[in-house]
Amino acid sequence: MQSHYQTLSADDFRIFPRSLDGKARSRHHPEYAGWHRDLSWNGRGFDRYPEYIVRAESIADVVHSIDFARRHGLPVSVRGSGHSYAGCFLRNTGILLDLSALRDIQIDPDRRSAQVQPGVSSRQLSAALARHGLAFPTGHGGEVGLSGFLLGGGLGINFRAWGGMSTFNVRAIDLVTADGEVLHADAHEHPELLWAARGGGPGLFFVVTRFHLDCWPLPGCITSNTYLAKFSGLPRLLARIEQAQPNPSLQVMLAIVPQSDDRAAEECGRQVMLNTIAFADSPAHARALQASLSEQVSAGLIRAVEVDQPSDFESIYRQGDAMLVSRRYRTDNILTDRGEDAVTILAAHLPSQPSPATLPLLIWRGASSWSDAAWSASGRWFFSTYAQWNEVADDEVNRGWLKSLYDELATVASGSYINEFDLEERSGSAHRCYSAENWSRLRRLRRQYDPQGVFHDVSMDVSAGDR
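This text gives an overview of the structure that appears in the document. Counting starts from 1 at the beginning of each chain's written sequence and moves along it residue by residue. It should be noted that, the model being predicted, local features are given only for residues of pLDDT at least 70 and side-chain atom pairs only at 80 or more, the latter also being counted only at that level, while totals for whole chains, interfaces and linings use all residues. Only hydrogens and water are removed before side-chain values are computed, so all heavy atoms of the structure are retained for them.

### What to know about the pairing of strand E2 (residues 52–55)
Piece 1. In this sheet, E2 lies alongside strand E1 (residues 23–26) in antiparallel orientation, the contact comprising 4 bridges. Looking across to E2, one finds that Arg 25 is bridged to Ile 53.
Piece 2. In this sheet, strand E4 (residues 95–98) lies alongside E2 in parallel orientation, the contact comprising 4 bridges. Bridging across to E4, Ile 53 finds its partner in Leu 96. In this description, strands pair whenever DSSP reports at least two bridges between them. Helix numbering and strand numbering both begin at the N terminus, where a helix is a DSSP run of H or I of at least 4 residues and a strand a DSSP run of E of at least 2.

### A look at the packing of aromatic side chains
Piece 1. Stacked, tilted and edge-to-face are the three classes applied to pairs of Phe, Tyr and Trp rings, where Trp contributes its six-membered ring and a pair requires centres within 6.5 Å; stacked means planes under 30 degrees apart, edge-to-face means over 60, and tilted covers the rest. If you walk through the whole model with that rule in mind, you get 20 aromatic pairs.
Piece 2. Relative to Phe 68, the ring of Tyr 52 lies with its centre 6.1 Å away and its plane at 90 degrees, an arrangement referred to as edge-to-face. On the criterion of sequence distance, the pair formed by Tyr 52 in strand E2 and Phe 68 in helix H3 (residues 59–72) is long-range, its members being 16 residues apart.
Piece 3. For Phe 68, a relative accessible area of 3% translates into the label buried.
Piece 4. Seen from their ring centres, Trp 375 and Tyr 417 are 5.8 Å apart, and the 75 degrees between their planes marks the pair as edge-to-face. Here Tyr 417 lies in the loop between helix H11 (395–409) and helix H12 (423–426) and Trp 375 lies in the loop between strand E17 (359–364) and strand E18 (381–389), a separation of 42 residues in the sequence. Here Trp 375 and Tyr 417 have matching classes, each one buried. Summary of the burial criterion: residues with accessible area below 20% of their type's maximum are buried, those above 50% are exposed, and those between are partly exposed, where the area comes from a 1.4 Å probe applied to protein chains only.

### Observations regarding unusual backbone geometry
Piece 1. Of note in this structure, His 190 is not a glycine but carries a positive phi near 50 degrees.
Piece 2. When you line up the elements, His 190 lands in the loop between strand E9 (182–185) and helix H6 (191–197).
Piece 3. You will see that Gln 245, though not glycine, has its phi angle at about 50 degrees, which is positive.
Piece 4. Relative to the helices and strands, Gln 245 is located in the loop between helix H7 (234–244) and strand E13 (250–258).
Piece 5. Gln 245 sits in the partly exposed class, given a relative accessible area of 48%.

Shown next as structure tokens:
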């Protein structure tokens, strides 16, 4: 941030909170430590301490906080729900603007639309929409907040059939700029800001205070099939899935899990769990969607464990939550068209995987073409790894293993997904999450709309204590 700002005094710290509907705590306040501890979903916590934490309860609070920050040279970071593996909203300087109390939801059933504030969770939106026979491609975890999820692109439930990425269902946004101006952005009014909000991620240069969403009819029948496969057969399984070109309404995910079945026993101690979820109009339609893949995959490659199991959004949330079983987390990912090569690289790293709870996951995305938006990463496969463990003493070995794996996987990557990119380790490589043209455009827009650097950039001030 440039140096033409007012000197910050102790009186400024005391007076500022009086202008808020919500509350604020400086680093000198006795409640600060508890507030800081409660910010992070990830049990690791993070040794980054903003000068101020503001719990906003109104749009006016957002405006006041940005104005205060701009006057006093305090860069702003923004927290929606705190569901960030890297805790990217926590910085060592400036103001943390916590929007988690802004949870208003308004639904227009006739227009199949919703307006939501940034503190709304996936579960809250789904429950509200279901009462009107509607749905939205939320995150796969019920407590995943919609704000960061949508701003980073959103690889959501049934995303292939519902917009390609969840962010493409954002029709408009309300926002506050670095100048403290309240704006509405849509296809006609400030379209460049809507363009940036659709995938711009944690490096954005404004605060979104409301999302205007296009919603979808709630499927009449959702079913889940689960299969097991040998890890050695995974390259062939990926090839068969690619050949089958699954219907967009069939969600296809493969998790690499500890071996639990002698019939899948292998030296690496891992097996593959294939889960397919059909979003259909009727049971017959669901069975047809499931069969469209299973009948094209050799029976020698997969073995059915559960077939035609009734499912719903809450079941999907529970399934997502069940994947995360530890207290401490890191994650990284690539998008790739070379799934078989990626598996070969993973296989070489599995023997040294420090924690048996760590979960590599592949999601079929297929070939896609996008509307003009900041989101621009491509790759038929999304390959993410959720490193998870419990003890502080194991932090470094798990960090090193994940870094080594994704250093090598970068050689077969066509891009990455910013929401699960290891921003602690690789914030200087955030451009890999965008096309070169779109990254340049984002940087130009940042210079245009935030020339003073009111908002923290995507590059993170990570200290050794975070690692």
